[in-house]
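Topology and contacts: notes
Here's the letter readout for the chains.
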Amino acid sequence: MATMSEQESLRCSSARNRGGVQRVEGKLRASVEKGDYYEAHQMYRTLYFRYMSQAKHAEARELMYNGALLFFSYNQQNSAADLSMLVLEVLEKSKGKVEDEILECLVKLFSLMDQNSPERVAFVSRALKWSTGGSGKLGHPRLHQLLALTLWKEQNYSESRYHFLHSSDGEGCAQMLVEYSASRGFHSEVDMFVAQAVLQFLCLKNKNGASVVFSTYTEKHPSIEKGPPFVQPLLNFIWFLLLAVDGGKLTVFTVLCEQYKPSLKRDPMYNEYLDRIGQLFFGVPPKQSPSYGGLLGNLLNSLMGSGEEDDMAEEAQEDSSPIELD
């Protein structure tokens with residue numbers, strides 16, 4: 001009986017806390033509805049610090065999240081962004097677990113922020129860092145996927161592609177690229193959209209993502225005739241490359257790159273990516289220089305991130321790796 005009594009007490013305490021939050025939210029909502037935005041914002045902040053000092057993390061997070069949504073609904077971007085940051089601060093300080101529901105809440109806040117605001121950039125950077133325990137990794141794959149889908153809806157294809165690369169959603173990435181190519185690209189570039197994505201997935205040691213994005217894109221793009229083989233030589237190269245990666249034979253890789261040299265000249269970054277792929281999958285030794293040379297080399301080094309390149313194999317799962325690509 002004592003155990004039951006304790007459980008009932010905990011439930012009652014939780015209900016009281018929830019009731020208290022609802023009463024407070026009612027007062028704050030009334031203040032916002034009257035247009036007293038500054039006063040309401042300061043009240044939210046005061047309550048945040050009060051809850052945090054009492055270690056009421058769940059209540060603090062819920063209050064800040066609902067407050068941010070309320071301010072967004074009144075187009076009070078600065079106040080909403082500030083409370084959104086406090087949601088992240090609760091998660092950081094309480095060491096909250098990464099759960100789908102929380103990730104969806106964070107992306108909801110992200111989606112409501114002004115697309116060109118510096119606060120949005122700061123928010124997403126901090127959210128990604130929290131999602132991997134502040135370890136310096138590039139963010140939880142599910143969070144990347146949700147961000148990619150949101151940016152796709154905004155037709156921000158370039159940033160959406162970046163986040164798809166760091167998610168596990170090769171199919172979604174391909175569908176976005178089909179739309180990107182059809183709406184923004186030239187007909188002559190249909191093969192280049194997917195070639196870049198496949199090469200970057202492989203640089204991230206994500207063979208499965210590379211295969212899925214290639215097969216889905218070539219199947220769904222209205223301007224690509226059914227293959228393989230394909231009309232476009234570059235698509236044939238990518239198809240053969242994916243087969244070669246599974247085999248891991250250096251001679252096949254070398255002959256393939258030589259055979260398709262004219263197609264690979266269409267983008268100077270292709271050879272940079274292929275150098276990296278040669279090292280990862282075919283045992284090609286790294287260049288003697290500790291870093292790639294020239295402008296392209298600087299770009300690749302910045303994409304990969306200093307210090308992460310060497311321990312890629314140990315830290316990566318079979319189909320992911322901490323190279324940053326944009």
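Residues numbered from 1 in each chain as written. Predicted model: local features only at pLDDT ≥ 70, side-chain atom pairs only at ≥ 80, totals over all residues. Heavy atoms only, no water.

Taking an unreviewed UniProt entry as the reference, the protein is identified by name as Golgi to ER traffic protein 4 homolog belonging to Takifugu rubripes. Note on the protein: under the UniProt heading Subunit (unreviewed entry), the record states "Component of the BAG6/BAT3 complex." (UniProt positions renumbered as here; feature names shortened; annotations may be inferred.)

**A look at the side chain of Asp 169**
Among the structural elements, Asp 169 can be located in the loop between α8 (157-165) and α9 (170-184). Despite being buried, Asp 169 has no salt bridge partner; Arg 142 is the closest side chain of opposite charge, sitting 7.0 Å away. Those residues within four positions of Asp 169 in sequence are excluded, and the remaining contacts are Gln 145 and Phe 164. (Helix = DSSP H or I, 4+ residues; strand = E, 2+ residues; numbered from the N terminus. Buried < 20%, exposed > 50% of the residue type's maximum accessible area, 1.4 Å probe, protein only. Lys, Arg positive; Asp, Glu negative; His and termini not counted. Salt bridge = Lys/Arg side-chain N within 4 Å of Asp/Glu carboxyl O. Contact = heavy atoms within 4.5 Å.)

**Quick look at the nonpolar core**
Among the nonpolar cores identified, the biggest contains 49 residues, and Val 198, Leu 202, Tyr 217, Phe 237, Leu 241, Leu 274 and Ile 277 are the most heavily contacted of them. Listing elements by their share of this core, those giving two or more residues are α7 (141-153), α8, α9, α10 (190-203), α11 (207-220), α12 (233-247), α13 (250-259) and α15 (269-282). Residue contributions to this core peak at 11 residues, all from α10. Residue contributions to this core reach at least three from each of two domains, namely domain 2 (99-170) and domain 3 (186-289). (Core = buried A, V, L, I, M, F, W, Y, C linked by side-chain atoms within 4.5 Å. Domains from an automatic or database assignment.)

**A few points about the environment of Arg 61**
For Arg 61, the location among the structural elements is in helix α3 (residues 57-73). Given the relative accessible area of 30%, Arg 61 is considered partly exposed. With 30 residues separating them in the primary sequence, Arg 61 and Leu 91 have C-alpha atoms 7.8 Å apart. The contact partners of Arg 61, leaving out residues within four places of it in the chain, are Val 87, Val 90, Leu 91 and Ile 102.

**Examining unusual backbone geometry**
With an omega of -5°, the peptide bond running from Gly 227 to Pro 228 counts as cis. Examined against the element boundaries, Pro 228 turns out to sit in the loop between α11 and α12. For the peptide bond that leads from Pro 228 to Pro 229, omega is -5°, which places it in the cis range. The backbone phi angle of Ala 55 is positive, close to 60°, even though this residue is not glycine. A positive phi is found at Gln 155, a non-glycine position, where the angle reads about 60°. Residue placement: Gln 155 occurs in the loop between α7 and α8.

**Here we look at α9**
The first and last C-alpha atoms of α9 sit 20 Å apart over 15 residues, in line with the 21 Å expected at 1.5 Å per residue. Taken residue by residue, α9 has Gly 170, Gly 172, Cys 173, Ala 174, Met 176, Leu 177, Val 178, Tyr 180 and Ser 181 as its buried positions. Buried residues belonging to α9 abut α7, α8, α10 and α11. (Expected span 1.5 Å × (residues − 1).)

**Thoughts on α11**
In this model, α11 (14 residues) spans 20 Å end to end at C-alpha, consistent with the 20 Å of a helix rising 1.5 Å per residue. Within α11, burial applies to Gly 209, Ala 210, Val 213, Phe 214, Thr 216, Tyr 217 and Thr 218. Buried-residue contacts for α11 involve α9, α10 and α12.

**Observations regarding the packing of aromatic side chains**
Evaluated as defined, the whole model comprises 11 aromatic pairs. When the centroid spacing of 6.2 Å and the interplanar angle of 55° are considered together, the rings of Tyr 37 and Tyr 74 count as tilted. With a gap of 37 residues between them, Tyr 37 in helix α2 (residues 37-53) and Tyr 74 in the loop between α3 and α4 (77-94) connect regions that are remote in the sequence. For Tyr 37, a relative accessible area of 24% puts it in the partly exposed group. On the basis of relative accessible area, Tyr 74 is assigned to the partly exposed category, the value being 31%. By way of ring pairs, the aromatic residues Phe 237, Trp 239, Phe 240 and Tyr 260 are connected into one cluster. The residue whose ring lies beneath Arg 120 is Phe 110, and the NZ or CZ to ring-centre distance is 3.8 Å. (Phe/Tyr/Trp six-rings, centres within 6.5 Å; stacked < 30°, edge-to-face > 60°. Lys NZ or Arg CZ within 6 Å of the ring centre and 35° of its normal.)

**A word on the packing of α4 against helix α5 (residues 100-112)**
Where α4 meets α5, the axes come as close as 10 Å, and the angle between the chain directions of the two elements is 160°. By the angle between their directions, the pair α4 and α5 is classed as roughly antiparallel. When you trace α4 past α5, the crossing you get is left-handed. For the pair α4 and α5, the contacting residues are Gln 77, Ser 84, Val 87, Leu 88 and Leu 91 in the first and Ile 102, Leu 106, Leu 109 and Leu 112 in the second. (Axes fitted to C-alpha atoms, helices over the stretch in contact; angles between N-to-C directions. Parallel < 35°, antiparallel > 145°, perpendicular 65-115°, else oblique. Left-handed = near helix turned anticlockwise from the far one by under 90°.)

**Considering the confidence of the model for the protein**
Per-residue confidence for the protein averages 86 on the pLDDT scale, and 81% of its residues sit at or above 70. Residue range residues 1-14 is modelled with pLDDT below 50. Its contacts to residues more than four positions away, or to other chains, number zero contacts. The low-confidence segment residues 304-324, where pLDDT is below 50, has 44 contacts with residues more than four positions distant or belonging to other chains. (pLDDT = per-residue confidence, 0-100.)

**Focus on the pattern of salt bridges**
Enumeration over the complete set of coordinates arrives at 10 salt bridges. A salt bridge links Arg 142 to Asp 100; its shortest N-O distance comes to 3.5 Å. Residue Arg 142 is found in helix α7, and its partner Asp 100 is found in helix α5; the two are separated by 42 residues along the sequence. Within this structure, Glu 89, Glu 92, Lys 93 and Arg 126 form a network of salt bridges that share partners.

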